[in-house]
Amino acid sequence: MTHTIRAVRAEDWPLAKEIRLAALRDPAASIAFLETYERAAAMPDEFWQGRAAGAAEGKTVRQFVGEDADARWLGTVTVVVELPGVQDFFGDTPQVAQTHVVAVFVRPEARGSGLAEALFRAALEWSWALPEPHIERVRLYVHEDNARAEAMYEKVGFKRTGVTVSSVAGREVELAIPR
């Protein structure tokens, strides 16, 4: 399967909305995402427009997509900058500048094609290339029962850090790659 990886553009908001809603309808969504389909589907277009515009700007967040030859989005990953001393989503305060990989999704027909690894390469390259802040580590969380996702994350270099947090979906395990 051939695919192209690129950053999301502001005008891509309808596609960003569609793939997010598809991800939230996936059978693994209840342990993979901390959001429900119903909540996301109820968001107005302005929400999706703002989300795509912020990701396109690429200063504190960047979303990457994998497209097929017909420009159909097959997968996506989002990377969020986290600053030292600033509380994160889970209420923790990072000690170093880092990025946090979130919203990972690959459509079922593209799984096992190398697309996830390519999306992660783009996320890591962007993280390490940021001029400011100087990123010291890239991290993500995976639900303790999502062995398939954890295996893929380990394949691209992430390792368990020993940190766990509780979420609405259960226990989340932190994995990271240091610089």
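Residues numbered from 1 in each chain as written. Predicted model: local features only at pLDDT ≥ 70, side-chain atom pairs only at ≥ 80, totals over all residues. Heavy atoms only, no water.

Caption draft 1: Up close: a nonpolar patch on the surface. Side chains of Leu34, Phe89 and Val168 sit close together on the surface and give an oily, nonpolar patch of about 360 Å² of accessible area. Looking at the secondary structure, you find Val168 in the loop between β6 (159–167) and β7 (170–178). Given a relative accessible area of 77%, Val168 falls into the exposed group. (Patch = residues over 30% accessible without salt bridge, like charges linked within 9 Å, V, L, I, M, F, W, Y side chains within 5 Å. Areas by Shrake-Rupley, 256 points an atom, 1.4 Å probe, with all protein chains shown as cover. Salt bridge = Lys/Arg side-chain N within 4 Å of Asp/Glu carboxyl O. Helix = DSSP H or I, 4+ residues; strand = E, 2+ residues; numbered from the N terminus. Buried < 20%, exposed > 50% of the residue type's maximum accessible area, 1.4 Å probe, protein only.)

Caption draft 2: Structural view of the pairing of strand β2 (residues 61–67). Across the seven residues of β2, six count as buried, placing the element largely inside the fold. As judged from the four bridges shared by strand β1 (residues 4–7) and β2, these two strands associate in the antiparallel manner. Note on β2: the bridge partner recorded for Ala7 is Phe64. With seven bridges joining them, β2 and strand β3 (residues 73–82) adopt antiparallel strand pairing. Its bridge partner being in β3, Arg62 is matched across the sheet by Val79. Linking two consecutive strands that pair antiparallel, namely β2 and β3, is a turn of five residues; a positive phi of about 70 degrees is found at Ala71 within it. (Pairing = 2+ DSSP bridges.)

Caption draft 3: The packing of helix α5 (residues 115–129) against helix α6 (residues 147–155), seen in detail. Interaxial distance between α5 and α6 falls to 10 Å at its minimum, and their mutual angle equals 55 degrees. It follows from the interaxial angle that α5 and α6 lie oblique. By crossing handedness, the relation of α5 to α6 is classed as right-handed. Along the contact surface, α5 presents Ala116, Glu117 and Phe120, while α6 presents Met152, Tyr153 and Lys155. Among the residues making up the contact of α5 with α6, the classes are represented as four nonpolar, no polar and two charged. (Axes fitted to C-alpha atoms, helices over the stretch in contact; angles between N-to-C directions. Parallel < 35°, antiparallel > 145°, perpendicular 65-115°, else oblique. Left-handed = near helix turned anticlockwise from the far one by under 90°. Contact = heavy atoms within 4.5 Å. Nonpolar A, V, L, I, M, F, W, Y, C, P; charged D, E, K, R; others polar.)

Caption draft 4: View of unusual backbone geometry. Along the chain, Glu132 connects to Pro133 via a cis peptide bond; the corresponding omega equals 0 degrees. Here Pro133 lies in the loop between α5 and β5 (137–143). Here Ala71, not a glycine, exhibits a phi torsion of approximately 70 degrees, which is positive.

Caption draft 5: View of the side chain of Glu82. Tracing the sequence through the fold places Glu82 in strand β3. Side chain to side chain, Glu82 and Arg139 meet in a polar contact 2.8 Å long. When sequence neighbours within four positions are dropped, the list of residues in contact with Glu82 reads Asp88, Pro94, Val96, Ala97, Gln98, His100 and Arg139. (Polar contact = N/O pair within 3.5 Å; in protein donor to acceptor, adjacent residues only side chain to side chain.)

Caption draft 6: Spotlight on the nonpolar core. Ranked by size, the top nonpolar core spans 30 residues in total, and within it Phe64, Val101, Phe120, Leu140, Tyr153, Phe158 and Leu175 carry the most contacts. Looking at this core, the elements that each hand over two or more residues are β3, β4 (98–106), α5, β5, α6 and β7. Take this core: its biggest share by element is eight residues, from α5. In this structure Phe64 touches Ile5, Arg6, Ala7, Gly75, Thr76, Val77, Val79, Leu119, Ala122, Ala123 and Trp126, once residues within four positions along its chain are discounted. Among the nonpolar cores identified, the runner-up in size contains 17 residues, and Ala16, Ile19, Ala22 and Trp73 belong to it. (Core = buried A, V, L, I, M, F, W, Y, C linked by side-chain atoms within 4.5 Å.)

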